[in-house]
Amino acid sequence: MSMLRKLNSKIAATTGYQVRRVPAPSPPKENLGAIPAPRGPRPERPAAEAVGEPVDPAVDRLLERPVFILTSVRSGSTLLRMMLGAHSRLHAAHELHLTGLEVYFKTHSPTEKSMRALGLGYEDLEALLWDRTLHRELVKSGKSFIVEKTPGNAFAWRRIAATWPDARFVFLRRHPAAVARSWHEAVPDRTREEAAERVLQYMEAMEEAHAELGGHILRYEDLTADPAAALREICRFLDLDYEPGMLDYGSSLEGAVLGGGFGDWNDKIRSGRVQPDRPAPAEDEIADVLRPMCRAWGYL
């Protein structure tokens, strides 16, 4: 008889109790509603990858001839996208911020080796993801072409042009001082000087893109002064018939008002009709840093 059994026999005869080993704790039941633990820090990726094979649209892309509006913030892109979205063949989604969709995998991992064997690096996989995201949105709409207008695309035009070699670009300009004024008013904590310097970066990127890619240039002031004429020119550039219903964008299903981060939803936009533009800033209101761009764009 083991020592424990002998001990238990005597304790039981005297007290009526026995000694038992504490059972091991059972594993906690899985909580299907629990928030999963984070996977850990995001692995590093090379700052730049070697240029791979050119994109083969027949193999690598679902989307055909997408339209990108390259512009600065506070330049009227929400108005333009809603008017284009009212066309029967154009789906103009809200700002999608596609370039924030990034792909990562652990260096020297089986995943990396497998993808490399397929000839796919980080940027190749991101391009596939971007293309599938836009194509999914387009298919849901039942239309022919998609329009994307996120202002940050001005800084990613090279990636966009490499991802979709058949993409078409519309460059939406507005008086640089009016853009800076509008952005300062939208965020008063930002000084006028800071607003001017930041919007200039968008405009300089737009100039680089236009010099390299070409495309259709549209001035916001022309869009608000004679929207029908401005839209006819865009439709001609896109090989589409002009549709008068584009002027009444408020009646379009794509005219739903969204929250912040998807565009400018002020009262003018919410009206559903094009409203007159504000008077341009006086010459003495134009920041010195913006004067060369004002001259280049014909505003001075």
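Residues numbered from 1 in each chain as written. Predicted model: local features only at pLDDT ≥ 70, side-chain atom pairs only at ≥ 80, totals over all residues. Heavy atoms only, no water.

### Let's talk about the packing of helix 3 (residues 77–85) against helix 10 (residues 227–237)
- At a minimum axis separation of 12 Å, helix 3 and helix 10 run at an interaxial angle of 70 degrees. By the angle between their directions, the pair helix 3 and helix 10 is classed as roughly perpendicular. Judged by the twist between their axes, the crossing of helix 3 over helix 10 is right-handed. Touching Leu80, Met83 and Leu84 of helix 3 are Pro227, Leu231 and Ile234, all from helix 10.
- Considering only residue class, the contact of helix 3 with helix 10 consists of six nonpolar, no polar and no charged. (Axes fitted to C-alpha atoms, helices over the stretch in contact; angles between N-to-C directions. Helix = DSSP H or I, 4+ residues; strand = E, 2+ residues; numbered from the N terminus. Parallel < 35°, antiparallel > 145°, perpendicular 65-115°, else oblique. Left-handed = near helix turned anticlockwise from the far one by under 90°. Contact = heavy atoms within 4.5 Å. Nonpolar A, V, L, I, M, F, W, Y, C, P; charged D, E, K, R; others polar.)

### Some points on the environment of Arg132
- With respect to the element layout, Arg132 can be found in helix 5 (residues 122–141).
- For the pair formed by Arg132 and Arg61, sequence separation is 71 residues and the distance between their alpha carbons is 7.9 Å.

### Considering the packing of helix 7 (residues 176–186) against helix 8 (residues 192–213)
- Close contact between helix 7 and helix 8 brings their axes to 8 Å; oriented N to C, the two are set at 125 degrees. Here helix 7 is positioned oblique relative to helix 8, judged by the angle of their axes. Here helix 7 and helix 8 pass one another in a crossing that is right-handed. Along the contact surface, helix 7 presents Pro176, Val179, Ala180, Trp183 and His184, while helix 8 presents Arg192, Ala195, Ala196, Arg198, Val199 and Met203.
- Here the residues of the contact of helix 7 with helix 8 sort into eight nonpolar, one polar and two charged.

### Section: the pattern of salt bridges
- Applying the stated criterion to the full structure yields 14 salt bridges.
- The partner of Glu123 in a salt bridge is Arg159, with the nearest N and O atoms 3.8 Å apart. Of this pair, Glu123 sits in helix 5 while Arg159 is found in helix 6 (residues 157–163), placing the two residues 36 residues apart along the sequence.
- The class for Glu123 is partly exposed, based on a relative accessible area of 31%.
- Assessed through its relative accessible area of 24%, Arg159 is described here as partly exposed.
- Across the pair Arg159 and Glu126 runs a salt bridge whose closest N-O atoms are separated by 3.0 Å. With a gap of 33 residues between them, Arg159 in helix 6 and Glu126 in helix 5 connect regions that are remote in the sequence. (Salt bridge = Lys/Arg side-chain N within 4 Å of Asp/Glu carboxyl O. Buried < 20%, exposed > 50% of the residue type's maximum accessible area, 1.4 Å probe, protein only.)

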